[in-house]
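# Coordinate inspection notes
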Amino acid sequence: MMRILYVLYGMAVLIGLSVAEYQGWSLARISEVKNVPRSVRDNPGSYRSVYSSYHHYSGGK
Amino acid sequence: MSTGAPTPPGKPQAHALNCPGCGAALTVRSFNNAVTVVCDSCHSILDAKDPNFQILQQFKAATGKDRPLIPLGTRGRIRGTDYEVIGFERRTIHVEGVSYSWHEHLLFNPYKGFRYLTEYDGHWNDCSTLKALPEIVSFSSPPKVKYLGETYKHFQTAKASTSFVLGEFPWQVRVGESVEVSDYVSPPRVLSSEQTGNEVVWSMGEYMLGKDVWKAFRLPGSPPVAVGVYENQPSPMSGEAKSIWLTFAFFLLALVILMIGFDLAASKEQVFTGYYKFDSNKRGEASFVTDDFEVKGHASNVELTTSTDLNNRWIYLNYALINEATGQAFDFGREVSYYHGYDSDGSWSEGSANDTVAVPKVAPGRYYLRVEPEGDVANGTTYYTITIKRDVPQYSFYGIALGALLLPAIVFSWRALSFEHLRWAESDHPMVTSGDDE
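A brief look at the structure comes next. (Residues numbered from 1 in each chain as written. Chains lettered and ligands numbered in written order. Predicted model: local features only at pLDDT ≥ 70, side-chain atom pairs only at ≥ 80, totals over all residues. Heavy atoms only, no water.)

### Thoughts on the sheet that holds strand E24 (residues 354-362) of chain B
Sheet strands associate in pairs through backbone hydrogen bonding, adopting either a parallel or an antiparallel arrangement. Residue and element names in this part refer to chain B. Here 4 strands make up an open sheet; going across it, the order is E17-E26-E20-E24 and the pairing antiparallel. The open sheet has two free edges, formed respectively by strand E17 (269-279) and E24, since each of these has just one partner strand. When the angles between neighbouring strand axes are averaged without regard to direction, this sheet yields 15°. Relative to strand E26 (residues 381-390), strand E20 (residues 300-308) is paired through 7 bridges, and the arrangement is antiparallel. Of the residues in E26, the one forming a bridge with threonine 305 is threonine 387. (Pairing = 2+ DSSP bridges. Helix = DSSP H or I, 4+ residues; strand = E, 2+ residues; numbered from the N terminus. Axes fitted to C-alpha atoms, helices over the stretch in contact; angles between N-to-C directions.)

### Overview of the pattern of salt bridges
Any two side chains of opposite charge can pair, on the condition that their charged atoms come close. Residue and element names in this part refer to chain B. Going through the model one piece at a time under the given rule, you end up with 20 salt bridges over all chains. With a closest N to O distance of 3.1 Å, glutamate 84 and arginine 29 form a salt bridge. Of this pair, glutamate 84 sits in strand E7 (residues 81-95) while arginine 29 is found in the loop between strand E2 (25-28) and strand E3 (36-38), placing the two residues 55 residues apart along the sequence. Look at arginine 29 and you get buried, because its relative accessible area is 18%. (Salt bridge = Lys/Arg side-chain N within 4 Å of Asp/Glu carboxyl O. Buried < 20%, exposed > 50% of the residue type's maximum accessible area, 1.4 Å probe, protein only.)

### Description of the environment of Asn109(B)
All names here are of chain B. Relative to the assigned elements, asparagine 109 resides in strand E8 (residues 98-109). Judged by its relative accessible area of 9%, asparagine 109 falls in the buried class. Separated by 203 residues in the primary sequence, asparagine 109 and asparagine 312 place their C-alpha atoms 90 Å from one another.

### Digging into the pairing of E8(B)
Residues and elements named next belong to chain B. Sheet analysis places E7 next to E8, joined by 11 bridges and oriented antiparallel. Of the residues in E8, the one forming a bridge with arginine 91 is tryptophan 102. Hairpin connection between E7 and E8: a loop of 2 residues separates the two successive antiparallel strands, and glutamate 96 in this loop has a positive phi of roughly 50°. Bridging between E8 and strand E9 (residues 113-120) involves 7 bridges; their strand directions are antiparallel. Residue pairing for E9: glutamate 104 is matched across the bridge by threonine 118. The hairpin formed by E8 and E9 contains 3 residues between the paired strands.

### Looking at the nonpolar core
All names here are of chain B. Leu321, Tyr384, Ile386 and Ile388 are the most contacted members of the largest nonpolar core, which totals 32 residues. Counting only elements with at least two residues in this core, the list comes to E17, strand E19 (293-295), E20, strand E21 (313-323), strand E22 (329-343), E24, strand E25 (365-374) and E26. Broken down by element, the residue count for this core peaks at 6 residues, all from E21. With residues near it in sequence (within four places) discarded, isoleucine 386 still touches Phe272, Thr273, Gly274, Tyr276, Leu304, Thr305, Tyr319, Leu369 and Val371. (Core = buried A, V, L, I, M, F, W, Y, C linked by side-chain atoms within 4.5 Å. Contact = heavy atoms within 4.5 Å.)

### A word on the interface of chain A and chain B
Taken together, the contact pairs 46 residues of chain A with 64 residues of chain B. When the two sides are added together, the surface that chain A and chain B hide from each other amounts to roughly 4,800 Å², 60% of it contributed by carbon and sulfur. Counting the contacts that link chain A with chain B gives 1 salt bridge. In this structure, Arg41(A) engages Glu324(B) in a salt bridge whose closest nitrogen and oxygen atoms are separated by 3.3 Å. On inspection of chain A and its partner chain B, the count reaches 22 residue pairs in polar contact (both at pLDDT 80 or more). Contributing elements (two or more residues each) for the side of chain A that touches chain B: helix H1 (2-23) and strand E1 (31-33) of chain A. Among the elements that take part in the side of chain A that touches chain B, H1(A) stands out by supplying 15 residues, more than any other. Taken together, the residues of the side of chain A that touches chain B break down into 24 nonpolar, 14 polar and 8 charged. (Buried area = accessible area lost by both parts, 1.4 Å probe. Polar contact = N/O pair within 3.5 Å; in protein donor to acceptor, adjacent residues only side chain to side chain. Nonpolar A, V, L, I, M, F, W, Y, C, P; charged D, E, K, R; others polar.)

### Let's talk about the side chain of Glu231(B)
Following the sequence through the fold, Glu231(B) ends up in the loop between helix H1 (210-216) and helix H2 (238-265). An unpaired buried charge is present at Glu231(B): no salt bridge exists, and Arg423(B), the closest side chain of opposite charge, is 8.5 Å distant. (Lys, Arg positive; Asp, Glu negative; His and termini not counted.)

### Here we look at the packing of aromatic side chains
Going through the model one piece at a time under the given rule, you end up with 17 aromatic pairs over all chains. Relative to Trp171(B), the ring of Phe169(B) has its centre 5.3 Å away and its plane inclined at 65°; by these criteria the two rings are edge-to-face. For the pair Phe169(B) and Trp171(B), a shared accessibility class is recorded, and that class is buried. Feature note: the residues Tyr6(A), Tyr9(A) and Phe251(B) constitute an aromatic cluster, connected by ring pairs. Above the face of the Tyr368(B) ring, Arg41(A) is positioned so that its terminal group lies 4.4 Å from the ring centre. When the ring centre of Trp424(B) is taken as origin, the NZ or CZ atom of Lys153(B), which lies over that ring, is 4.6 Å away. (Phe/Tyr/Trp six-rings, centres within 6.5 Å; stacked < 30°, edge-to-face > 60°. Lys NZ or Arg CZ within 6 Å of the ring centre and 35° of its normal.)

### Brief notes about the environment of Val145(B)
Residue and element names in this part refer to chain B. With respect to the helices and strands, valine 145 occurs in strand E12 (residues 144-147). Once the C-alpha coordinates of valine 145 and histidine 429 are considered, the two residues, 284 residues apart in sequence, prove to be 16 Å apart. Setting aside residues no more than four positions away along its own chain, valine 145 makes contact with Pro134, Glu135, Ile136, Val137, Glu150, Thr151, Tyr152, Tyr184, Leu191 and Trp202.

See below:
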């Protein structure tokens, strides 16, 4: 019984992996923004990035 | 336990007699096979071979204190043969000052002879005497014996004494008599040797569920709940643990095949590359857009790699991959930092001068990239290259899939091991010694 459940689970994992690979999923944090105005092409400063106010790394050890 | 071959009766019938001690009626069910009979009323052990039922021993026991779970005289079917319960005894061992008792129900069939149903804490065993001796495996630790090609591992040796008897027995039973009992297990079977002086009797038991015993004897109610793990109780996981690992091996193979397949099938096509410079001292608008480029094929990931000349510095890049036609953008920020040095612990380094990120499910079309670099004024000038490829295999998924496949197999094995740990905890060979518990 456990083996059957494991086979089904494992197949689901492999199918999920295949879908993720084929469709090109990513683990990165990426935001989708819709309807970015065409004017950004000529005036890049007019676009406000989602991540522009993030705290940035400021030094090593 | 000790049995001989039964004497087949002429016509099956129980003999009704009276106890010479108290006059209570006695019933002898095994005909001429009974050697001793126990009076239920006065607890006299009587010589069944003596026409006058000479009293061999009397013992004290509270009436009703320890009744058979299957009443004497009950008939049931075990392995396709009808048996009647004719005797009952309680036997006790003492280990490290603790008494452990189990019950033995003696079963009789006039043509098949005797067998036993033993019960301990709700765990049952169907036992019968062996007709051949097991072979002792030399130089094995813990000791092992072989019987009919199966190897049995020593579980426990203890002095067992008979502490209560009822019914009739085909041997000279006495309360207080003791034997050395050694159990060897190979679940679901157990081999038991009982040694008295030079005489050794071997028997084999096979684990039975209480509900099966109840069904076999058509007993009312439900059997006592089994407590803990018994010495020869079959592990619900033992057979499946191997098959789960075998299945895991197949999945691992499938995973490798998928990885090779997707790697070969992935286009990994470079769709854009650009070389840039960022001067953090320079004031004014730092953001810019790249030339447009085409992403072809089916919707797939797009991998953006930033390669820099950073050296004990950092840069933060706000990226927006924008579809020219639809205005849809993938917005993300990437911090690239690389620090290194030398201190009392030796050399150290943190981060990397390069960074790679995958943008998911990018539909085909024409795109451009908006880039907005940020950095400390003290950082000075940073040179960096942006490279974009489409349809690139993401190996991190294979790591996640491997973990997901491995986890149930490990949990299952751990549960199987826990079961065995519980089994052997009560043996002479526990898997964890008392010193490890401290």
